[in-house]
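The chain contents come next:
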Amino acid sequence: MRLYFAAPLFSVQEREFNARLAASIEALGFEVFLPQRDGYEGPLEPEVIGTPKVARQIFELDKQQVLECDVLLSVLDGRVPDEGMAVEVGLAHADRLHQNRHRKLIGLSTDFLRGGPAVNAMLSGALDEIYAEETALLQRLGDIVS
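My aim in this report is to walk through the structure given alongside it, one point at a time. This one's a predicted model, so the numbers in the text were calculated from it and none came from an experiment.

Side note on the nonpolar core
Within the largest apolar cluster, 19 residues are counted, with the highest numbers of intra-cluster contacts made by L3, F5, I25, L73 and L141. Beyond its immediate sequence surroundings of up to four residues, L3 is in contact with I25, F30, E31, V32, F33, C69, V71, L73 and L141. F33, V66, A126 and L127 belong to the second-largest nonpolar core, a separate cluster that totals 15 residues.

Regarding the packing of aromatic side chains
Enumeration over the complete set of coordinates arrives at one aromatic pair. Between the aromatic rings of Y4 and F33, the centroid separation amounts to 5.4 Å while the plane-to-plane angle is 20°, which identifies the pairing as stacked. Of the two residues, Y4 is situated in strand β1 (residues 2-6) and F33 in strand β2 (residues 31-33); the sequence distance between them amounts to 29 residues. Like F33, Y4 is buried.

Regarding the pattern of salt bridges
The full count for this structure, using the stated rule, is eleven salt bridges. Two residues, D38 and R37, come together in a salt bridge whose shortest N-O distance is 2.9 Å. When its relative accessible area of 40% is taken as the criterion, R37 is described as partly exposed. The salt bridge involving D95 is made with R103; its shortest N-O contact spans 3.0 Å. Across the pair, R103 and D95 agree in class, each one buried.

Thoughts on the pairing of strand β3 (residues 71-75)
With five of five residues buried, β3 is to be regarded as a mostly interior element. Sheet topology places β1 next to β3; four bridges connect them, and they run parallel. If you follow Y4 over to β3, its bridge partner there is L72. Pairing analysis gives five bridges linking β3 to strand β4 (residues 104-108), with the strands arranged parallel. Residue pairing for β4: V71 is matched across the bridge by K104. On the question of chirality, the crossover connecting β3 to the parallel β4 by way of helix α5 (residues 83-99) is right-handed.

Some thoughts on α5
The first and last C-alpha atoms of α5 sit 24 Å apart over 17 residues, in line with the 24 Å expected at 1.5 Å per residue. On the buried face of α5, the contacting elements are β1, α4 (52-68), β3, β4 and α6 (121-126).

Cut-offs and rules
- Every chain's residues receive numbers from 1 upward, in the order its sequence appears when written.
- Where totals are concerned, whole chains, interfaces and linings use all residues; where local detail is concerned, this predicted model gives features only for residues with pLDDT of at least 70, and gives and counts side-chain atom pairs only at 80 or more.
- Just so you know, side-chain values use all the structure's heavy atoms and leave hydrogens and water out.
- Within this scheme, the nonpolar core is defined by two criteria: the residues are buried Ala, Val, Leu, Ile, Met, Phe, Trp, Tyr or Cys, and they are joined through side-chain atoms within 4.5 Å.
- Summary of the burial criterion: residues with accessible area below 20% of their type's maximum are buried, those above 50% are exposed, and those between are partly exposed, where the area comes from a 1.4 Å probe applied to protein chains only.
- The contact rule is simple, with two residues in contact once any of their heavy atoms fall within 4.5 Å.
- The rule is short: rings of Phe, Tyr and Trp, with Trp giving its six-membered ring, pair when the centres are within 6.5 Å, and they are stacked under 30 degrees, edge-to-face over 60, tilted in between.
- For the purposes of this entry, the term helix denotes a DSSP run of H or I that reaches at least four residues, the term strand denotes a run of E that reaches at least two, and both are numbered from the N terminus.
- The salt bridge criterion pairs a side-chain nitrogen of Lys or Arg with a carboxyl oxygen of Asp or Glu, the two atoms within 4 Å.
- At least two bridges found by DSSP between two strands is the condition for calling them paired.
- The handedness rule is simple: strands pointing away from the viewer, and a clockwise path from the first strand over the helix to the second, make the crossover right-handed.
- Helix span, expected: 1.5 Å multiplied by one less than the number of residues in the helix.

Here is the structure:
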C-alpha cells in the first residue's frame, strides 16, 4: 500500500518529525512517499523553489504521487495548516469523488494549543479520520495495511 505523507517541511524540526514518523509507518509495511526525501531533489532555497519552473516540477511530481496513493496522511500541526498540505488533501478528496477511487484521508493533529484535532472545517470535512496522537494513528495505519 502506498501512503503519501503530506506535512509542512520547511524547518529542521518539521523534517525530523516527518522522517521519524515516516520510518515508523514504513515499518508497518507501507510504501511511503515523503516529499522532503522522495520529491524534488534540487536546492531548497526560497529563490530556487519559488521560480515558476521549479514550482511546476514540484507540483506535478507531488500531484502524481497524491493521485496514486492508497492513504494520504496529513500532519495538521502548526498555527495554521500548511498550504501545500491543504492542496494535497483537496486533490486527493476530489480525485476520490470523481474517480470513485477508494483512498483513506487521515489527519494527525497533535497540537494541544488548539485543543487536539480541531481544524478548519474544509480540512476536517475532507478527511475521513483525525488522530490526536501518534500511537493511535500508527495503530490505525497498522489495521489498514494488514
